[in-house]
Amino acid sequence: FLAAADGLGSIAIDTTQLNMSVTDPTAWATAMNNLGMVPVGLAGQQLVTDSICVPGFDPSLSMMTGITPINPMIPGMGLVPPPPPTDVPVVKEIIHCKSCTLFPPNPNLPPPSTRERPPGCKTVFVGGLPENATEEIIQEVFEQCGDITAIRKSKKNFCHIRFAEEFMVDKAIYLSGYRMRLGSSTDKKDSGRLHVDFAQARDDFYEWECKQRMLAREERHRRKMEEDRLRPPSPPAIMHYSEHEAALLAEKLKDDSKFSEAITVLLTWIERGEVNRRSANQFYSMVQSANSHVRRLMNEKAAHEQEMEQAKESFKNALTGILTQFEQIVAVFNASKKKKAWDHFSKAQQKKIDIWRKHSEKKKNAHSEQLMGIRKKKEMEMSDDDSGEKKSKKLRVDDSALAAQAYALKEENDSLRWQLDAYRNEVELLKQEKGQLFRTEESLTKDQQLQFLQQTMQGMQQQLLSIQEELNNKKSELEQAKEEQTHTQAMLKVLQEQLKSAKELAEINGHDESQANEINVLTVALVNQDREKNSEKRSPGLKSEKEALLIGIISTFLHVHPFGANIEYLWSYMQQLDSRISANEIEMLLMRLPRMFKQEFTGVGATLEKRWKFCAFEGIKTV
């Protein structure tokens, strides 16, 4: 068999099933070892030790080593052992007890299912018990898994068992699927198939929560101890003021090595308010001794500045020496490039010399730029020194030496400026030699005049082109207007003829006035359609904000009057808003927008009337 009670190991034993008696200690030990437990009163090696099943949690270890609390529900990490490997088949064997016998399930069947394990589970549900099973028999079977704290048995062949520790639940789950038989009886009431599963109990959950809170407290305590350990030490306590301490402090203030420590004490005493009429003279003497250190500090600063200037000067001298050597190396390369020596070198040697020359020139240029930067910084410092010379004279220790140094730096600065001017003059002369001739004032004025004339000619040409385009546009508009006029005249003639013929037919056939009205409406609709087509071609956009405002008011008015309104009614309404507006202006505006407003004729003869309607929504639907 392969014993895998806790999924942590396997031991190979005989593959034949054995019928073991209760009095045989070796057989009982083998069966219990396969379950991962040691029977009471019997000697045998335990398959899984308690140290593995229940890892001991040492709070001091957690606090000292910085180990974070482990979630006991993570398999393989906390109190729950890891699940058995799926690729290894679990083979169970017969277990004999004093009052009953447990027969293993068929190994070919799938393992019994269990619910999700509740946190801190110590209680199991045991179902499928024999009807004649008593509480003593149940305790006899399951007490080998561990200490049982309570058994709650029901009349319906199931019970709940609560163990002392969580790992004991896993040993009890191992018994799920076993068939239990009381004694040697074959009665149905004396046998049953066990189903062991995790049970959710309030006591288990409460204990688990208490344990988690304890771990959290330990974690907080550990973090606090770590923070206290890493916190920087607090400054030493400052003694209280007394005449004796003040005398000692005055001596310390005179000592250069203890000055920084003594000055902090003096500052604290003054901030605390220790100065009064009685101690004012003593504090004044201490402040005076503190002031005496100002001259010492300034002398130290001047000494450090002098060291820094000397270091800068040495660095500059070393840099100039390096630069001169670079120039000599470049001069050697340039000399070797001349024909007298260059033709005697091979092509590979010439190539190497070119590479070396370029590399050395780059390095020389970089060093020269660095040297120029140092000199520029020096010039800027000199200019700053010149501006603040009057203020700094009082603080200088050796005025004569600094003045001589400043004079030397000024002379060096002047010489560098003169060199720069000479270089600039040389560059200008080289440019003139290469052929960059300067133009005279007359030639410049002529060129300016020519450019001005060219610009004016271009402007005139552009104006002529724009005028020609405008003329062409106006001609095309006139032609379109003429075509539209002829088209409308022809349509009017055709409509007049149709009206005459329709009236004659109406008089002959005796049609009523409603049919005549329909004919008029149809003709007017045709005219409107023709007008809309023509106006779409030539309708310009809105010219001003006033027209947009008028269109909004007219559209609202006509939308409120769905059967339309004549131009006089519309003009009388608009007259109330703007007294200067005319009916002709309103009509022209409506005719310019055929997709928003349409004109219809209603009535016959003397009752014939033109009405305008709002049709913008109809146009949107058709589009």
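Residues numbered from 1 in each chain as written. Predicted model: local features only at pLDDT ≥ 70, side-chain atom pairs only at ≥ 80, totals over all residues. Heavy atoms only, no water.

Per an unreviewed UniProt entry, the protein is named ENOX1 protein, and its organism is Sylvietta virens. Under the UniProt heading Sequence similarities (unreviewed entry), the note attached to the protein is "Belongs to the ENOX family." (UniProt positions renumbered as here; feature names shortened; annotations may be inferred.)

Caption draft 1: Geometry of the overall build of the protein. From N to C terminus, the protein includes 20 helices and 10 strands. Looking at the protein as a whole, 27% of its 623 residues qualify as buried. Long-range pairs, those at least 24 residues apart, make up 65% of the contacts in the protein between residues at least 6 apart in sequence. (Helix = DSSP H or I, 4+ residues; strand = E, 2+ residues; numbered from the N terminus. Buried < 20%, exposed > 50% of the residue type's maximum accessible area, 1.4 Å probe, protein only. Contact = heavy atoms within 4.5 Å.)

Caption draft 2: Inspection of the sheet that holds strand 1 (residues 95-96) at higher detail. Judged by pairing direction, the sheet is antiparallel, and its four strands sit side by side in the order 1-2-6-7 without closing on themselves. Edge positions in the sheet fall to strand 1 and strand 7 (191-193), since each of these pairs with one other strand and no more. In the sheet, strand 2 (residues 100-103) pairs with strand 6 (residues 179-182) via four bridges, with the strands oriented antiparallel. Its bridge partner lying in strand 6, cysteine 100 is registered against leucine 182. (Pairing = 2+ DSSP bridges.)

Caption draft 3: Structural view of the pattern of salt bridges. Counted under the stated rule, the structure contains 24 salt bridges. Between arginine 357 and aspartate 354 there is a salt bridge whose closest N-O contact spans 3.9 Å. Of this pair, arginine 357 and aspartate 354 both sit in helix 12 (residues 347-387), three residues apart, which is roughly one turn of that helix. For aspartate 354, a relative accessible area of 21% gives the class partly exposed. When salt bridges that share partners are traced, they join Lys122, Arg162, Asp204 and Glu207 into one network. (Salt bridge = Lys/Arg side-chain N within 4 Å of Asp/Glu carboxyl O.)

Caption draft 4: Fine view of the nonpolar core. Counting residues in hydrophobic clusters, the biggest one holds 31 residues, and the most contacted among them are Val126, Phe142, Ile161, Phe163 and Met180. Of all the elements in the fold, those that place two or more residues in this core are strand 2, strand 3 (123-127), helix 4 (135-142), strand 4 (148-153), strand 5 (158-163), helix 5 (167-173), strand 6 and strand 8 (195-198). When residues of this core are assigned to their parent elements, the largest contribution, five residues, is made by helix 5. Each residue touching isoleucine 161, except ones within four places of it in the same chain, is listed here: Lys122, Thr123, Val124, Val126, Ile138, Phe142, Ile148, Ala150 and Ile151. In terms of nonpolar packing, the next biggest core, distinct from the first, is built from 18 residues, Ile551, Ile554, Leu590 and Phe597 among them. (Core = buried A, V, L, I, M, F, W, Y, C linked by side-chain atoms within 4.5 Å.)

Caption draft 5: How the structure looks around the packing of helix 18 (residues 567-577) against helix 19 (residues 583-592). Helix 19 packs onto helix 18 with a crossing angle of 110° between their chain directions and a minimal axis gap of 9 Å. It follows that helix 18 is roughly perpendicular to helix 19 by the angle criterion. Taken as a pair, helix 18 and helix 19 cross one another with a handedness that is right-handed. On helix 19, the residues touching Ile567, Leu570, Trp571 and Met574 of helix 18 are Ala583, Ile586, Glu587 and Leu590. (Axes fitted to C-alpha atoms, helices over the stretch in contact; angles between N-to-C directions. Parallel < 35°, antiparallel > 145°, perpendicular 65-115°, else oblique. Left-handed = near helix turned anticlockwise from the far one by under 90°.)

Caption draft 6: Layout of the environment of methionine 591. By the secondary structure assignment, methionine 591 is in helix 19. Given a relative accessible area of 37%, methionine 591 falls into the partly exposed group. Considering only alpha carbons, one finds methionine 591 and tryptophan 612, 21 residues apart in sequence, at a separation of 9.9 Å.

Caption draft 7: Structural view of the packing of helix 17 (residues 545-560) against helix 19. The geometry of helix 17 relative to helix 19 is characterised by a closest axis approach of 11 Å and an angle of 85° between their N-to-C directions. Considering their axes alone, helix 17 and helix 19 lie roughly perpendicular with respect to each other. Contacts from Lys546, Glu547, Leu550, Ile551 and Ile554 in helix 17 reach Glu585, Ile586, Leu589, Leu590 and Arg592 in helix 19. Here the residues of the contact of helix 17 with helix 19 are counted per class, giving six nonpolar, no polar and four charged. (Nonpolar A, V, L, I, M, F, W, Y, C, P; charged D, E, K, R; others polar.)

Caption draft 8: Structural view of the sheet that holds strand 3. Spatially, four strands are ordered 4-5-3-8 in an open sheet, and the strand pairing comes out antiparallel. Either end of the sheet is taken by a strand with one partner, and the two such strands are strand 4 and strand 8. Neighbour-to-neighbour, the strand axes of this sheet turn through a mean angle of 20°, independent of strand direction. With five bridges connecting them, strand 4 and strand 5 associate as antiparallel partners. Opposite arginine 152, over in strand 5, you have histidine 160 as the bridge partner.

Caption draft 9: Quick look at the UniProt feature "coiled-coil region" (unreviewed entry) in the protein. The sites that UniProt annotates as "coiled-coil region" (unreviewed entry) are residues 287-314 and 406-498. Helix makes up 96% of residues 287-314 and strand 0%, whereas the separation of the span's terminal C-alpha atoms amounts to 41 Å.

Caption draft 10: Representation of the confidence of the model for the protein. Model confidence for the protein is summarised by a mean pLDDT of 77, while 74% of its residues fall at 70 or above. Mean pLDDT per element in the protein: helix 2 (residues 50-53) is the minimum at 39, and strand 3 is the maximum at 95. Residue range residues 1-25 is modelled with pLDDT below 50. Its contacts to residues more than four positions away, or to other chains, number 56 contacts. Every residue in residues 34-81 is under pLDDT 50, and counting partners more than four places away or in other chains gives 101 contacts. (pLDDT = per-residue confidence, 0-100.)

Caption draft 11: The arrangement of a nonpolar patch on the surface in detail. Together, Ile270, Val275 and Val287 give the surface a local cluster of nonpolar side chains, amounting to about 220 Å² of exposed area. Tracing the chain through its elements places isoleucine 270 in helix 8 (residues 259-272). (Patch = residues over 30% accessible without salt bridge, like charges linked within 9 Å, V, L, I, M, F, W, Y side chains within 5 Å. Areas by Shrake-Rupley, 256 points an atom, 1.4 Å probe, with all protein chains shown as cover.)

Caption draft 12: Looking closely at the side chain of lysine 122. Relative to the helices and strands, lysine 122 resides in the loop between strand 2 and strand 3. For lysine 122, a relative accessible area of 11% puts it in the buried group. Among all residues touching lysine 122, those that are not within four sequence positions of it are Ile161, Arg162, Phe163, Ala164, Glu165, Glu166, Val169, Asp204 and Glu207.

Caption draft 13: Main features of unusual backbone geometry. Backbone geometry places asparagine 157, a non-glycine residue, at a positive phi of 65°. Checked against the element boundaries, asparagine 157 lands in the loop between strand 4 and strand 5. Residue classification places asparagine 157 among the partly exposed residues on the basis of a relative accessible area of 25%.

Caption draft 14: Expanded view of the packing of aromatic side chains. As enumerated under the stated definition, the model contains nine aromatic pairs in all. Ring geometry for phenylalanine 557 versus tyrosine 573: centroids 4.6 Å apart, planes at 25°, classification stacked. Of this pair, phenylalanine 557 sits in helix 17 while tyrosine 573 sits in helix 18, placing them 16 residues apart in sequence. Classification of phenylalanine 557 as buried rests on a relative accessible area of 7%. Through a chain of ring-to-ring contacts, the aromatic side chains of Tyr241, Trp269 and Phe283 assemble into a single cluster. The ring of phenylalanine 259 is capped by arginine 296, whose NZ or CZ atom sits 5.9 Å from the centre of that ring. (Phe/Tyr/Trp six-rings, centres within 6.5 Å; stacked < 30°, edge-to-face > 60°. Lys NZ or Arg CZ within 6 Å of the ring centre and 35° of its normal.)

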